[in-house]
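Read off the chains here:
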Amino acid sequence: MEDEGKDNIRIGVYVCHCGGNISEVIDVDELAEFGGKQPDVVLSKQNTHMCSDVGQQLVVDDIKEHNLDKVVIAACSPQFQGATFMRAVEKAGLSPYVVQLANVREQCAWPHYDFPELATEKAKGMLSAAIAKARFSEPLEKQTMPIGKRVLVIGAGIAGIQASLDLGDAGFEVYLVEKEPSIGGHMAQLSRTFPTEDCAACILSPKMADVPANPNINLFTYTEVDDIEGYLGNFKVKVTKKPTYVIQDKCIACGICEEKCPIKNIPNKFDEGLTNRRAIYTAFDFAVPGKNLIDPDTCLRLTKGEGVCEVCERFCPEDAINFDDKPEEEEFEVDTIIVATGFDIFDPSEKKVYGYDKYNEVITALELERMIVHSAEGNPIRDLGKKIGFIQCVGSRDEQIGREYCSRICCMYATKLASLLKHSNPERDIYIFYTDLRAYGKGFEEYYKRAQNLGVRFIRGRVAEVFKNSDSDKVTLKVEDTLTRMIIEDEFDTVVLSVGLGLSKSTDKIANMLRLAKSGDGFLKEAHPKFKPVDTNREGVFLAGTVQGPKDIPDTVAQASAASSRAIRLMNQGEYPIAPIIAFVHNDLCDGCELCVDECPVDAISMSSDKAKVNDAICTGCGSCLASCPRDALDLHLYTNKQLLGEITNALKEKKEGETKILVFADDTCTYRLADSVGTAKLSYTTDSIIIRVPSGSRVTPKLMLAALKLGADGIFIGECEENASPYPHSGGAIKENVAKVHEILRKEGVKPERVKFVQFVTVMLGGFVNNINGLASIAMEAGAIPQEKRDRLVVNINERLFGEKYV
Amino acid sequence: MSDKIKISRKNVEFLKKIEDLSGEVIMRCDQCGVCSGSCPMISEMDITPSELMRKVQLGQEDVLGSKAMWLCASCFACTVRCPRGLDVSKVAEALRQVNLRKAIDHIDLKDIPDDEIKRLPQIALVSEFRKFTG
């Protein structure tokens, strides 16, 4: 294997300590020394922080001084600092694609934290593989794509509203889509906000009114997102506007229809089902848009047909009723997307010991919000009584229900609700039973103290159970005061469950459409926990608000503004850089057999002068065409055959007698990032594995798999996105076909076919990744290393075996 | 005046020992008190289960003299409710083991009159052996 045109390659190797993250586990001296000894490596250095200015400058200076052609950095995952180092080498006059990262932090130091020696050995293999990949890298030119100024914002709670207003004000075209009949989200339901006790509706409603008033915002309420396809700068969005059966332009929301509607007992969702609405209704009194709509599931005319009841139509002074209304589909294109789909409160029915389903006296904090609003308006929903207890951490910090995280807002909203109850009637006895009181925000501690001054009593203990004694109609609450170790068993008029937050159910659909990753807590995952807190694993898709994790209103608004600013950053330049992962043809090898033409899932390959030709604009870079070429004439930029073969060779070069090693080909969209998440979570898996990054598992040709087995791999794992989460929806089938061919050859040569395994992942399956990798490693270990003689036989007459006699 | 306690290496050793015997990471207990509120034997106990856990966390060996561990019925009410996924009954068992391994015989079958042995429920004898034959 030689690089075309130049045999005198000069490679610089750098080992990053990552401030201890890497150097505390991996012996960086040994690793750097090892790197320095590799062929074509002219220098090998270490730095505490390669990504720092100093580290980057070191690379720039060395490139100039030592005339380097290629750079290899053993550091963190390329998804974090890849772009940083590409910029650095570009600054020094090289192509940004000649730098390679050996991901020794997420995929070595962190998951193998407890095995420093094995980790150091593995890091050598990884560094060596990266050196090979860099050595054969092509010095390609940077490419850009045009980008416009259109944004889709999904969800119109306070996060979506804020993001849309920021973007609209900045002159960007916003498509704001909300599935409910009104914008406003959960904040519209709240009584007051902590710690200032402003009335939530009073501060929110002017912002809501600003939305339809903004000429740059296209508002779609009562609308579902059906499908999103495409990529940054070119997202195609399909939405369906649900029928309201009321001509919105005509309706003046006079309320006559509501008054006349005979269906009166429909639980009002906005009031958490505590009050009833009619079949024709408005979402709430300050809704935007504040027009009427008909609920098709309960309206007599819409459920039973003509002639039963058309009262609203008869009385409407504006002739606004239209029973023939139909769903309207609409399609538009956007350049970036902000996901602000928010949270659902924890369903306390899951926590049976608190009796939410059993006792009327047990309510959620959100129900109490609505009750306080109704009381303040002079029409209380019910008498809450004199003695009220709040139970904290319901659906938070609780392994029994699989929610380990703190929901962050419950301590303060309970303090607020307790204060409001005490204000409105100082005779009330209010108790808050807490595990730890977290008053971390601006003004929170002071607010906590104010509540204590008001007479709200804070008792440290997690409530064990809520029950009713047979001789009483009140609920009893049992808890230990952990500070005195005394058991409290006392009756209460009302028990309020301070329910935690979870990802909203409707988010799953959006996350799947956009192939977004989730973090361990089930919320959507940011691209970097510190420096990219509103970016996602998808370029051009951003997060705002509680969809990323529990947060209060100020944090939500700050994040929404951050998300719009990140979106503007991409769109304002008019173009953005893209990675040239595109298939290409080695014309000298192509014999014009046309086998590849049908293989391409996007029809990017055609024939031109008896040679295959790839259309760069159409090719998505999956690499699945490569397997169809008997002459290896098809290749993929940034993941060329030479590069991958070099990586495989070097990854296995350090393998010792008696060891078994598995190679994990990880697709960039899901599996590679999943492996990074596993490392970040410090979940441990076998050190006998090396991960090789590919754009898609379908890039891994049968020849490459067999070559890996010949070169010393004892197991091959191919990880790919699940179909609905994959940028290459066809890839699953292509990989299955490739793996089946390899299995057949293995069977014939007496090698266990189980050694080659294919699994589809989504980015949240952390445990699944660990189990699968460990599983394959133990299959390889139990079966033992494959004898070299068998390995060699695997690649004999390989073309004939894969493509038939014609292609010997 | 309140008692002073020492927090030193030695205390950590006691904690380690109980963690090893119980298999529970006792330091993960965040002292929420759900175990105490859930315990059906609480009214008979001298210290609550959460206090027992705290004393072990601090390495206070006087916990070995408490009655609470012997009253634990292993009903697992605490275990199924512990928000940190700890099994307090296993910690109580570990503490009982430490006591039992001192191997002090408190009963001798020979000393029990035959007719009493006949009258005693089997489970009482079994549990006596279980407790006192370490």
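Q: Would you mind going over the overall build of chain B in detail, with residue names and values included?
A: On a plain count of helices and strands, chain B comes out with eight helices and zero strands. The helix and strand sequence of chain B, counted from the amino end, reads α-α-α-α-α-α-α-α. Counting over 134 residues, chain B shows a buried share of 29%. A separation threshold of at least 6 residues defines the contact pool for chain B, and within that pool the share at least 24 residues apart is 66%.

Q: Tell me about the overall build of chain A, residues and numbers included.
A: Secondary structure assignment for chain A yields 23 helices and 38 strands. Taking 2.2 N^0.38 as the reference for a compact globule, 808 residues should give roughly 28 Å; the C-alpha atoms of chain A span a radius of gyration of 31 Å, in line with that estimate. Principal axes of the C-alpha set define a box for chain A whose edges measure 85 × 70 × 55 Å. Classification of the 808 residues of chain A by burial places 51% in the buried group. Across chain A, the fraction of contacts at a sequence separation of at least 24, relative to all contacts at a separation of at least 6, is 73%.

Q: Please give an account of the domain arrangement of chain A that cites residues and values.
A: All names here are of chain A. Domain parsing of chain A yields domain 1 (1-141), domain 2 (145-238 + 331-342 + 504-575), domain 3 (243-326), domain 4 (346-502), domain 5 (582-636) and domain 6 (655-808). Averaged C-alpha coordinates put domain 2 and domain 3 at centres separated by 29 Å. With 15 residues of domain 2 at the contact, the number on the domain 3 side is nine residues. Here the side of domain 2 that touches domain 3 is composed, by residue class, of nine nonpolar, five polar and one charged.

Q: How would you sum up the sheet that holds strand β23 (residues 457-460) of chain A? Please name residues and give values.
A: Residue and element names in this part refer to chain A. Read across the sheet, five strands follow the order β20-β27-β21-β22-β23 without closing on themselves; strand pairing throughout is parallel. At either margin of the open sheet sits one strand with a lone partner, and together these are β20 (362-364) and β23. Strand after strand, the sheet turns through a mean of 25° between neighbouring axes, direction not considered.

Q: Tell me what's going on with the domain arrangement of chain B, and back it up with residues and numbers.
A: What the domain assignment reports for chain B is domain 1 (9-102) and domain 2 (104-134). The straight-line distance from the C-alpha centre of domain 1 of chain B to that of domain 2 of chain B is 27 Å.

Q: Tell me what's going on with the packing of helix α5 (residues 116-135) of chain A against helix α17 (residues 641-653) of chain A, and back it up with residues and numbers.
A: What describes two packed helices is the angle between their axes and the distance between those same axes. Residue and element names in this part refer to chain A. Packing of α5 against α17 leaves a shortest axis separation of 7 Å and a crossing angle of 155°. Regarding the angle of α5 to α17, the classification is roughly antiparallel. Classified by chirality, the crossing of α17 by α5 is right-handed. Two secondary-structure elements touch here, α5 through G125, S128, A129, I131, A132, K133 and R135 and α17 through Q643, G646, E647, T649, N650, A651 and K653. Across the contact of α5 with α17, the residue classes tally to four nonpolar, six polar and four charged.

Q: How would you summarise the pairing of strand β11 (residues 223-231) of chain A if you had to cite specific residues and measurements?
A: Here β11(A) runs beside strand β12 (residues 234-241) of chain A; their pairing, made up of eight bridges, is antiparallel. What sits directly across from A:Y231, in β12(A), is A:N234.

Q: Could you give an account of the interface of chain B and chain A, with specific residues and numbers?
A: Listed as interface residues are 18 residues of chain B and, on the opposing side, 17 residues of chain A. Of all the secondary-structure elements, those providing two or more residues to the side of chain B that touches chain A are α2 (34-38), α3 (49-57) and α5 (77-81) of chain B. When the residues that make up the side of chain B that touches chain A are grouped by side-chain class, the tally is six nonpolar, eight polar and four charged.

Q: Describe in detail the confidence of the model for chain B, supporting the description with residues and values.
A: In this model, chain B carries a mean pLDDT of 88, and residues with pLDDT of at least 70 account for 90%. At the level of chain-chain contacts, confidence expressed as ipTM amounts to 0.85, with global pTM at 0.76.

Q: Outline unusual backbone geometry, supporting the account with residue identities and numerical values.
A: With omega at -5°, the peptide bond leading from A:F194 into A:P195 counts as cis. By secondary structure assignment, the location of A:P195 is in the loop between β8 (192-193) and β9 (198-199). Across the junction of A:V288 and A:P289, the peptide omega takes the value -5°, indicating a cis bond. With respect to the secondary-structure elements, A:P289 resides in the loop between β15 (280-281) and β16 (293-294). Of note, A:R408 is a non-glycine position whose phi angle comes to about 70°, a positive value. Relative to the elements of secondary structure, A:R408 occurs in the loop between β21 (387-394) and α12 (410-424). If you check the backbone angles, B:F76 has positive phi at about 65° while not being a glycine.

Q: I'd like a description of the sheet that holds strand β25 (residues 475-481) of chain A, backed by residues and values.
A: Consider a sheet: its strands pair through backbone hydrogen bonds, and that pairing is either parallel or antiparallel. Residue and element names in this part refer to chain A. The strand order across the open sheet formed by three strands is β24-β25-β26, and the pairing between neighbours is antiparallel. Looking along the sheet, the strands with just one partner apiece sit at the ends: β24 (465-468) and β26 (486-492). Between one strand axis and the next, the sheet turns by 25° as a mean value, whatever way the strands run. Here β24 pairs with β25 via four bridges, running antiparallel. Paired with F467 across the bridge in β25 is T476.

Q: Give me the lowdown on the nonpolar core, citing residues and values where you can.
A: With 252 residues, the main nonpolar core has A:I73, A:I338 and A:L663 as its most contacted residues. If we skip the residues at most four places from it in the chain, A:I73 touches A:Y14, A:C16, A:M50, A:F85, A:V99 and A:L101.

Q: Go over α17(A) with me, naming the residues and quoting the values.
A: Think of an α-helix as turning once every 3.6 residues; residues three or four places apart then point the same way. Residues and elements named next belong to chain A. Over its 13 residues, α17 runs 18 Å from end to end, which matches the ideal 18 Å to within 8%, given 1.5 Å per residue. Within α17 the residues assigned to the buried category are N641, Q643, L644, G646, E647, I648, N650, A651 and L652. Looking at the buried residues of α17, the elements they touch are α5, β34 (634-636), β35 (662-667), β36 (689-694) and α19 (702-710).

Q: Explain the packing of helix α6 (residues 158-169) of chain A against helix α7 (residues 200-213) of chain A to me, using residue names and the numbers behind them.
A: Residues and elements named next belong to chain A. The contact between α6 and α7 brings their axes to 10 Å, and the two run at 50°. Relative to α7, the element α6 is oriented oblique. For α6 against α7, the interelement crossing comes out left-handed. Contacts between α6 and α7 involve I158, I161, S164 and L165 from the former and L204, K207, M208, D210 and V211 from the latter.

Q: Now, about the environment of A:L232: what can you tell me, with residues and values included?
A: Looking at where A:L232 falls in the secondary structure, it is placed in the loop between β11 and β12. Discounting residues that sit within four places of it in the chain, A:L232 has contacts with A:I147, A:D335, A:T336, A:E539, A:G540, A:L570 and A:Y576.

Q: I'd love a proper account of helix α1 (residues 28-36) of chain A, names of residues and values included.
A: Residues and elements named next belong to chain A. For α1, the set of buried residues is V28, L31, F34 and G35. Projection of α1 onto a plane perpendicular to its axis shows the buried side chains occupying an angular sector of 125°, all on one side. In this structure, the buried side of α1 is in contact with β1 (11-16), β2 (41-47), β3 (70-75) and α5.

Q: So what about the environment of A:Y728? Which residues, and what values?
A: Residues and elements named next belong to chain A. Along the chain, Y728 falls in the loop between β37 (715-721) and α20 (731-748). With 127 residues separating them in the primary sequence, Y728 and P601 have C-alpha atoms 8.6 Å apart. With residues up to four places along the chain from it excluded, the contact list for Y728 reads T620, C622, S696 and S698.

Q: Requested: an account of the environment of A:T640, with residues and values cited.
A: All names here are of chain A. Mapped onto the elements, T640 comes out in the loop between β34 and α17. Given 18 C-beta atoms within 10 Å, T640 falls into the partly exposed group. Sequence separation of T640 and K133 is 507 residues, and the distance between their C-alpha atoms is 8.9 Å. Those residues within four positions of T640 in sequence are excluded, and the remaining contacts are F136, E138 and D635.

Q: Can you tell me about the confidence of the model for chain A, naming the residues and giving the values?
A: In this model, chain A carries a mean pLDDT of 94, and residues with pLDDT of at least 70 account for 99%. Between residues 1-5 of chain A, whose pLDDT stays under 50, and residues either more than four places distant or in other chains, the model counts seven contacts.

The rules behind the values
- Along each chain, residues carry numbers from 1 onward, in the same order as the chain's sequence is written.
- Just so you know, chain letters begin at A and ligand numbers begin at 1, following the order they were written in.
- Local features in this predicted model are restricted to residues whose pLDDT is 70 or higher, and side-chain atom pairs enter the listing and the counts only when it is 80 or higher, whereas totals over whole chains, interfaces and linings include all residues.
- The secondary structure listing takes helices from DSSP runs of H or I that are at least 4 residues long and strands from runs of E that are at least 2 residues long, numbered from the N terminus.
- Whether a residue is buried, exposed or partly exposed is read from the other C-beta atoms within 10 Å of its own C-beta, which are placed from the backbone; 20 or more gives buried, 12 or fewer gives exposed, and intermediate counts give partly exposed.
- The contact rule is simple: place each C-beta atom from the backbone, and if two of them lie within 7 Å, those residues are in contact.
- Using C-alpha atoms as the atom set, the radius of gyration is obtained and then compared with a globule rule of 2.2 Å times the number of residues to the power 0.38.
- Domain delimitation follows an automatic or database domain assignment.
- Only Asp, Glu, Lys and Arg are considered charged, only Ala, Val, Leu, Ile, Met, Phe, Trp, Tyr, Cys and Pro nonpolar, and every remaining residue, Gly among them, polar.
- DSSP-based pairing: two strands are paired if at least 2 bridges between them are found.
- Lines are fitted to the C-alpha atoms to define the axes, a helix being fitted only along its stretch in contact, and any angle between axes, read from their N-to-C directions, falls within 0 to 180 degrees.
- Geometric relationships in this document are graded by angle, where less than 35 degrees denotes roughly parallel, more than 145 denotes roughly antiparallel, 65 to 115 denotes roughly perpendicular, and other angles denote oblique.
- In this scheme the handedness of a crossing depends on how the near helix is turned from the far one: anticlockwise by less than a right angle means left-handed, clockwise means right-handed.
- Within a predicted model, pLDDT stands for the predictor's per-residue confidence, ranging from 0 to 100.
- We define the nonpolar core as any set of buried residues of the types Ala, Val, Leu, Ile, Met, Phe, Trp, Tyr and Cys, connected via C-beta atoms lying within 7 Å of each other.
- Helices are assigned an expected span. That span is 1.5 Å times one less than the residue count.
- Relevant arc is that of directions from the helix axis to the C-beta atoms, nothing else.

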